[in-house]
Amino acid sequence: MARRIALVGVGKIARDQHVPALAASPEWELAATVSRNAGVEGVEGFRDLETFLDARPDVEVVSLCLPPVPRFAHAQAALEAGRHVMLEKPPGATLGEVAELERLAREAGVTLYTTWHSRMARAVEAARDWLSTRTVMCAHITWREDVRHWHPGQHWVFEPGGFGVFDPGINALSILTHILPEPVHVTSAELDIPANCFTPIAARLSFSGGISADFDWRQEGEQTWDMDFDTDDGQMSLRHGGNEIWIEGERVTGSDSIGGEYPALYARMAELVATGAREVDLAPMVHVADALMLGRRQVVAPFVP
Ligand code: NAP
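S.K.: Summarise the site of the ligand; cite the residues concerned and give the values.
M.R.: Neighbouring the ligand are 22 residues, the closest being Ser-35, Arg-36, Asn-37, Arg-71 and Asp-167. The contact in question runs from an oxygen atom of the ligand to an N or O atom on the side chain of Asn-37, over 2.5 Å. For the ligand, whose free accessible area comes to 870 Å², the fraction covered by protein is 82%. In terms of residues, the shell around the ligand owes the most to one element, helix H3 (residues 68-80), which gives 3 residues. Partitioning the shell around the ligand into residue classes produces 10 nonpolar, 6 polar and 6 charged.

This is the structure in structure tokens:
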């Protein structure tokens, strides 16, 4: 029988990915939404979380699609009400608050899943397998996209806790931390912060192990979500955000679509709830925190939406 789930925060990602993924899954029934402004046709809608938690004890799972800053209070309330919780990426605005959520989930004996949708991209497991028998000599991440296109009207990305360009950049880091045979750490970072913003619009990172990353939110035209690896036994690239793998310049498998990522996240959540497990991985967020701690900041032109 399908498990009942509620979506909290009916914004861009909820509409683009969560609602279709749930509708297509026999494992889930979208039983409620919680949103101040929106809803999903045919689904009971609530304006606030407390009212939902009181009214629908039968909905045992809550998926939080809010931006990082308001997410913590919602996650805390849902866990304290004994619900299983699935968190959009990044799982919180700080490392400390996610550690607290993990503690609350353990105490309540419920599932907490810090999702990383890019890890579910089609070619990520193939890349992990390919790297597992090789030594990475150097690698470069190029994650350049147009913030005006992908985050229209979303002021929170430039507010404290909004992550700025690390909002997409953390997707690359979620892949990196999953596929590298050995962990790496940030050794330096340069952060470009628009004069009217609190978070970076671009960042260049260096890691141990010869790895570097170039994140930029000012790219118009072609968008780039690539990772290139040189190893002791050949060259491998991930393209389209981990959805295609290229070896020695030839495309081996995958496709230019993120269509499989959210169905895979919900399949994993179903598994975690069924087995009473938790999955909390903060490795991608540790890199972002380290870049923000170590970063050399420079003020750049104000951002014009
Ligand atoms: P969004 O559309 O700006 O916000 C999602 C919803 O959160 C809003 O519609 C709003 O819902 C609710 N919300 C916003 N601020 C709130 C506040 N202060 N208090 C309570 N509720 C608030 O953002 P999004 O693009 O969907 O992103 C949400 C999360 O998904 C982010 O962590 C992002 O990194 C992740 N994500 C986004 C994308 C993407 O393409 N945009 C892709 C992958 C992952 P109501 O007005 O309905 O209450």
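So that's the structure; there's more coming.
S.K.: Talk me through the side chain of His-117; I want residue IDs and the actual numbers.
M.R.: Locating His-117 in the fold gives a position in the loop between strand S6 (112-114) and helix H5 (124-132). A relative accessible area of 11% means that His-117 is categorised as buried. Once residues lying within four places of it in the same chain are set aside, the contact partners of His-117 are Lys-89, Asn-171, Glu-261, Tyr-262 and Leu-265.

S.K.: Describe the pattern of salt bridges, listing the residues and the values that go with them.
M.R.: Counted according to the given criterion, the structure contains 21 salt bridges. Between Asp-233 and Arg-134 there is a salt bridge whose closest N-O contact spans 3.5 Å. Of this pair, Asp-233 sits in the loop between strand S11 (224-231) and strand S12 (234-239) while Arg-134 is found in the loop between H5 and strand S7 (136-144), placing the two residues 99 residues apart along the sequence. In this structure, Arg-239 engages Asp-226 in a salt bridge whose closest nitrogen and oxygen atoms are separated by 3.2 Å. You can see Arg-239 sitting in strand S12 and its partner Asp-226 sitting in strand S11, a full 13 residues away along the chain. Here the residues in one salt-bridge network are Arg-144, Glu-190, Asp-192, Arg-204, Asp-214, Asp-216 and Arg-218, joined through shared partners.

S.K.: Report on the packing of helix H7 (residues 166-179) against helix H9 (residues 283-294), specifying residues and quantitative values.
M.R.: Two numbers describe how H7 lies on H9: the axes approach to 8 Å, and their chain directions differ by 125 degrees. It follows from the interaxial angle that H7 and H9 lie oblique. Here H7 runs over H9; the crossing is right-handed. Residues Phe-166, Ile-170, Leu-173, Ser-174 and Thr-177 of H7 lie in contact with H9, whose contacting residues are Ala-283, Pro-284, Met-285, His-287, Val-288, Ala-291 and Leu-292.

S.K.: Describe the sheet that holds S6, naming the residues involved and giving the relevant values.
M.R.: An order of S3-S2-S1-S4-S5-S6 is seen for the 6 strands of this open sheet, with the pairing classed as parallel. In the strand order of this sheet, the two ends are held by strand S3 (44-46) and S6, each with one partner. If you compare each strand with its neighbour and ignore which way they point, the axes differ by 25 degrees on average. As paired elements, strand S4 (residues 61-64) and strand S5 (residues 84-87) share 4 bridges and run parallel to each other. Paired with Val-61 across the strands is His-84, a residue of S5.

S.K.: Explain the sheet that holds strand S15 (residues 296-300) to me, and be specific about the residues and the numbers.
M.R.: The strand order across the open sheet formed by 9 strands is S14-S13-S12-S11-S7-S10-S9-S8-S15, and the pairing between neighbours is mixed. Since the sheet does not close on itself, it has two edges, and those belong to strand S14 (250-254) and S15, each with one partner. Strand after strand, the sheet turns through a mean of 15 degrees between neighbouring axes, direction not considered. The pairing of S7 with strand S10 (residues 211-216) spans 6 bridges and is classified as parallel. Looking across to S10, one finds that Thr-142 is bridged to Asp-214. The strands that H5 touches are S7, S11, S12 and strand S13 (244-247); relative to S12, the one it contacts most, it runs at about 165 degrees. Each of strand S8 (186-194), strand S9 (202-207) and S15 is contacted by H9, which is oriented at about 75 degrees to S8, the strand it contacts most.

About the thresholds
Residues numbered from 1 in each chain as written. Predicted model: local features only at pLDDT ≥ 70, side-chain atom pairs only at ≥ 80, totals over all residues. Heavy atoms only, no water. Near = heavy atom within 4 Å. Polar contact = N/O pair within 3.5 Å; in protein donor to acceptor, adjacent residues only side chain to side chain. Areas by Shrake-Rupley, 256 points an atom, 1.4 Å probe, with all protein chains shown as cover. Helix = DSSP H or I, 4+ residues; strand = E, 2+ residues; numbered from the N terminus. Nonpolar A, V, L, I, M, F, W, Y, C, P; charged D, E, K, R; others polar. Buried < 20%, exposed > 50% of the residue type's maximum accessible area, 1.4 Å probe, protein only. Contact = heavy atoms within 4.5 Å. Salt bridge = Lys/Arg side-chain N within 4 Å of Asp/Glu carboxyl O. Axes fitted to C-alpha atoms, helices over the stretch in contact; angles between N-to-C directions. Parallel < 35°, antiparallel > 145°, perpendicular 65-115°, else oblique. Left-handed = near helix turned anticlockwise from the far one by under 90°. Pairing = 2+ DSSP bridges.

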